[in-house]
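One-letter residues, chain by chain:
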Amino acid sequence: MSWNYKAILGIALIPVVIGGVTYLAQFATRGKTNAQAQAVSPLLFLRTQAIWDVNDQKFRREEEPFHEGHYDFPFYNKSESPFEIGLEANGCDCARVLIVELAPEAWDKLKLPALDAWDALAGQNIPPEIAEANAPWKQLTVKQERGFVIPANRGGIVRVTWNSSKAPGEDLNLHSTLWLQPEKNAADRTRTKLTVPIVLSSPINFQAKRGLHADQGYYDLGPLKQGKSVRTEFALWSGTRPAGPFQIKTDHLPKNVEAKIVPMNAQECAVLETEMKAIFNTRVLSAARLEVVVHEEKDGAQLDLGPVGFEFPLELPDYPRPMANPKVLVHVQGEIEIGTGADRGKVNLGSFPRTLDKEKTISILAPENAELTFVEVQGVESDRKIEVTLKPIEVVGKERRWELRVLVPAPGPFGPFSSEAAILLQIKSNQTRKVRVPLLGSGVT
């Protein structure tokens, strides 16, 4: 006996098809979001994603941590019966979703286009400040069984607010999923997702002059010869504050270092914004230049020899987080030469087992009549004893060679030394000056 497998397959699929049609009929609208929901539901949203820049819809607004902001989404119930709006999910615990019904006269003040033109407005922005209604705002929460009821032929606003403690540079996951349904009729429920693209930002950012490179946060200005000066500048700008302010703390700087803030005009801000957009998509609302001059000697005061760093702390009393500050490094040259080859200008212990003693000796050349002494070890935890010995070895021509020996007894530190770790020496010749010798290395297990 032969079987018509196609006929059997067709008969077998009948209940599956019938069941599938029933399932689809019952749940087809429940999973719809955004454009699909708009097409099914008579409750219309002007848009479902915040647009911060009409000409650049990918732009994410910059917001400061701990700053409360909001975006408003106008909607309208064009049906002849009431509708419910509820909150199904919220993508960030830093966000709240509020809703308000607007009286006809308040709705008219919004000056929105006719409803039949809303679909063409996806790329236009509605500022978040448009809605300050007379009626009280209600908060939507995920656990609410009943939604907010909007009467027939009435409009309102859903407001997404935020206040985040995340660090600058992090994105906020502001996605709020709403459910929409005719009043008390969950069978016809649809869903729409409201999205607000936000990136957290420091209130003041800075960019070093082109060509400068940072090492451990310090921008290296190169050698600073005796009697000379070096200059540089930083661009300071804010993507969150139209008026800055741009202020730096300078009372800790020696008189060899000059720092001045020069505000940028609108044209300069526009040029800076174009340059910054090549790095990341920002908006320069205000900007200034930080002009820096470092003198090897000024009014009889000389800088210490060796690498010397200076930091320019940005001052913003109303901002609760520490900010990254511009820093510069100069290599002050003089009558002393420290190390050779890979060890020039520093004591580099490299990577060493912390369970074993680590020792390094480098040579120092100084004028024959100069006196060198060891002062202290800087930038190392007080319980980490580091032994330093310094002794003269021989005279070579008009110079004397010294040996600087550094011993890190076991157990040594775990991980790298800090960027502030250094051996501080003093040289007495024609003048008395400090000499800073950076201490590099990393203890491993």
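In case you missed it, the structure is sitting above this.
The structure contained in this document is the topic of the report that follows.

This next bit is on the sheet that holds strand β25 (residues 358–367). Pairing within the open sheet is antiparallel, and its four strands lie in the order β23-β25-β28-β27. If you trace the sheet from one side to the other, it starts and ends with β23 (337–338) and β27 (387–396), each paired once.

A separate point is the sheet that holds strand β4 (residues 83–90). Overall, antiparallel pairing links the four strands, which are arranged β7-β4-β10-β11 in an open sheet. Of all the strands in the sheet, just β7 (148–150) and β11 (190–195) have a single pairing partner and so form its edges. Across the sheet, the mean angle separating the axes of adjacent strands is 30° when strand polarity is ignored.

This next bit is on unusual backbone geometry. Of the consecutive residues G244 and P245, the connecting peptide bond is found in the cis state with omega at -5°. Structurally, the position occupied by P245 is in the loop between β16 (229–238) and β17 (257–263). The linkage connecting A410 with the following residue, P411, adopts the cis geometry, with an omega of -5°. Structurally, P411 is set in the loop between β28 (399–408) and β29 (415–416). Although it is not a glycine, F66 sits at a positive phi angle of roughly 65°. Turning to its location among the elements, F66 is positioned in the loop between β2 (61–63) and β3 (69–77). The exposure class of F66 is partly exposed, given its relative accessible area of 45%. A positive phi angle is found at D299, which is not glycine, with a value near 55°. Structurally, D299 is set in the loop between β19 (297–298) and β20 (301–302). D299 gets classed as exposed once you look at its relative accessible area, which sits at 63%.

Each value, and the rule that gives it
- Residues numbered from 1 in each chain as written.
- Predicted model: local features only at pLDDT ≥ 70, side-chain atom pairs only at ≥ 80, totals over all residues.
- Heavy atoms only, no water.
- Pairing = 2+ DSSP bridges.
- Helix = DSSP H or I, 4+ residues; strand = E, 2+ residues; numbered from the N terminus.
- Axes fitted to C-alpha atoms, helices over the stretch in contact; angles between N-to-C directions.
- Buried < 20%, exposed > 50% of the residue type's maximum accessible area, 1.4 Å probe, protein only.

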